Amino acid sequence: MQRKAIVIGATGLVGQHLIKQLSELYDTLIVIARRPPRYINTSMRFYQVNDFDNLAEVFASVGADRTADAFSCLGTTKKQAGSDEAFRKVDHTYNLTFAELCRDKGVENFFLLSSMNADSDSRFLYNRVKAETEQSIMALGFAQLVIFRPSLLLGKHKGRPLESISQKAFQLISPLISESLPLHPISAKRVASAMAMTAHDIYERSKYRPESAPYSTDIIENKQMLAITRVKH
């Protein structure tokens, strides 16, 4: 069976690492983005969407079906988006729309990049929207939904000066901090590795799974990602 992966958020901090790793695991890698990713290979099919409000029109031509796995690394910040409404539109509406389109086409496995701080009762908009997005996608009933909740992401964050300062501070004290601590920062490459490795593990296990396997939602916390990528990163 030819395997396909469909990715949004491929030009972001985690997404750019993820598509490199997925290209080694899937026969076809479908990338939907506003601009081409830096990494391109022969297995990749790029679909440009100038406005994610028109995602359904672009998605109609990508050939999604039950043989495809879907990955979303799409996200932003309020500062980058410009307002609360614009931030919510990217992090919730566009992610949910993508998930709905995938589910309607029979996609069974969905992998979502979220945040350690996702909390529907948080006083912070970012955390509340992350939790709302998780809950909305859970309700769609994917055969397998895996949510990844990293801590502070290490890597070059364009337009995120506070995170850059936090990273520099962490680099000074990192030798003294155990990776077993829940708040330990994690590199974007390791998050991508965790996503790719988890998807591959599900694929291998599916060979022995009955067709009537129940729906499953797994949440991979930061500590787990650090553990499963300790050798690979």
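Notes on the structure follow.

Here is what the cut-offs are and how they apply
Residues numbered from 1 in each chain as written. Predicted model: local features only at pLDDT ≥ 70, side-chain atom pairs only at ≥ 80, totals over all residues. Heavy atoms only, no water. Helix = DSSP H or I, 4+ residues; strand = E, 2+ residues; numbered from the N terminus. Buried < 20%, exposed > 50% of the residue type's maximum accessible area, 1.4 Å probe, protein only. Contact = heavy atoms within 4.5 Å. Areas by Shrake-Rupley, 256 points an atom, 1.4 Å probe, with all protein chains shown as cover. Arc of directions from axis to C-beta. Pairing = 2+ DSSP bridges. Axes fitted to C-alpha atoms, helices over the stretch in contact; angles between N-to-C directions. Patch = residues over 30% accessible without salt bridge, like charges linked within 9 Å, V, L, I, M, F, W, Y side chains within 5 Å. Salt bridge = Lys/Arg side-chain N within 4 Å of Asp/Glu carboxyl O. Lys, Arg positive; Asp, Glu negative; His and termini not counted. Charge placed at Lys NZ, Arg CZ, Asp CG, Glu CD.

Examining the overall build of the chain
Phase 1: Scanning the chain from N- to C-terminus turns up eight helices and nine strands.
Phase 2: Burial statistics for the chain: of 233 residues in total, 46% are counted as buried.
Phase 3: Once local pairs closer than 6 in sequence are excluded, the contacts in the chain between residues at least 24 apart make up 70%.
Phase 4: Only carbon and sulfur atoms are counted for the fraction: they give 52% of the accessible area of the chain, which is about 12,000 Å².

Some points on helix α1 (residues 15-22)
Phase 1: Every buried residue of α1 is accounted for by Gly15, Leu18, Ile19, Gln21 and Leu22. Projected down its long axis, α1 shows its buried positions confined to an angular sector of 165°, all on one face.
Phase 2: The inward-facing, buried residues of α1 contact β1 (4-8), β2 (28-33), β3 (44-48), β4 (68-72) and α7 (188-206).

Quick look at the sheet that holds strand β6 (residues 144-149)
Phase 1: Read across the open sheet, the seven strands follow the order β3-β2-β1-β4-β5-β6-β9; overall the sheet is parallel. Two strands lie at the open edges of the sheet, namely β3 and β9 (216-221), each paired on one side alone. Ignoring which end each strand starts from, the neighbouring axes of this sheet average 15° apart.
Phase 2: Inspection of the sheet shows β1 paired to β4 by five bridges, in the parallel sense. From the neighbouring strand, Ile8 faces β4, where its bridge partner is Ser72.
Phase 3: In the packing of α7 onto the sheet, the strands contacted are β4, β5 (109-113) and β6, and the crossing angle to β5 comes to about 165°.

Considerations on a positive patch on the surface
Phase 1: A contiguous patch of positive charge on the surface is contributed by Lys20, Arg35, Arg38 and Lys189.
Phase 2: For Arg38, a relative accessible area of 83% gives the class exposed.

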